[in-house]
Amino acid sequence: MLDIRIDDLTGEQTRSLLALHLAGMHASSPPDAVFALDLSGLQSPDVTVWTAWSADHVAAIGALKLLGGGTAEVKSMRTHPDFLRMGAAAAILDTIIQAAKAKGVRHLSLETGMGPAFEPAIALYHRRGFVDGGPFGAYADNGFSRFMHLDLDAPPR
């Protein structure tokens, strides 16, 4: 059973998972294609961060960044290695989608990378109805980034 909580980013386990996330993004992406938010970026007032907890251990993290105009972005999705394939990322993503709907978001987008390190996340996003599309916000096509979108006004599939 997972406990999903809004996280204030002060806990050591959360910060460690964020550090792992940033290191993984830098290891798996070209230097000019790393758009993961650092701690200060996640502490912005337009960002809400959630963590999934299993007992006393952080299992996953994810964030919602409001972009304005009924749009928002999924950020900082990462599962702790001890909790891979246990539903923690799905629980976080479902929480983000529900929170976005509750905030009046009509269009949810994300930027991720390409290659084996990103395939499990891409599969999860597809299972939740995200479709591939073009760049959004301040992003540009860089040959590595993959952009995915979910229309929250669309009827469920």
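Cut-offs used in this document
- Residues numbered from 1 in each chain as written.
- Predicted model: local features only at pLDDT ≥ 70, side-chain atom pairs only at ≥ 80, totals over all residues.
- Heavy atoms only, no water.
- Buried < 20%, exposed > 50% of the residue type's maximum accessible area, 1.4 Å probe, protein only.
- Helix = DSSP H or I, 4+ residues; strand = E, 2+ residues; numbered from the N terminus.
- Pairing = 2+ DSSP bridges.
- Right-handed = clockwise from strand over helix to strand, strands pointing away.
- Lys, Arg positive; Asp, Glu negative; His and termini not counted.
- Salt bridge = Lys/Arg side-chain N within 4 Å of Asp/Glu carboxyl O.
- Polar contact = N/O pair within 3.5 Å; in protein donor to acceptor, adjacent residues only side chain to side chain.
- Contact = heavy atoms within 4.5 Å.

J.: Would you mind going over the pairing of strand β5 (residues 107-112) with me for this structure?
T.: The side chains of a regular strand alternate between the sheet's two faces. The element β5 is largely enclosed, with a buried count of five among its six residues. As paired elements, strand β4 (residues 71-79) and β5 share three bridges and run parallel to each other. When the bridges of β5 are listed, E73 appears paired with S109. Each parallel crossover has a hand, and for β4 linked through helix α3 (residues 88-102) to β5 it is right-handed. Alignment of β5 against strand β7 (residues 146-151), held across six bridges, turns out to be antiparallel. Each residue of the ladder has a partner; that of T112, found in β7, is R146.

J.: Sorry if this is basic, but what is going on with the side chain of D7 here?
T.: If you trace the backbone, D7 turns up in the loop between β1 (3-6) and α1 (12-28). Despite being buried, D7 has no salt bridge partner; R5 is the closest side chain of opposite charge, sitting 6.7 Å away. Of the polar contacts made by the side chain of D7, one reaches the side chain of T14; its length is 2.8 Å. With residues up to four places along the chain from it excluded, the contact list for D7 reads T14, V49, W50, T51 and W53.

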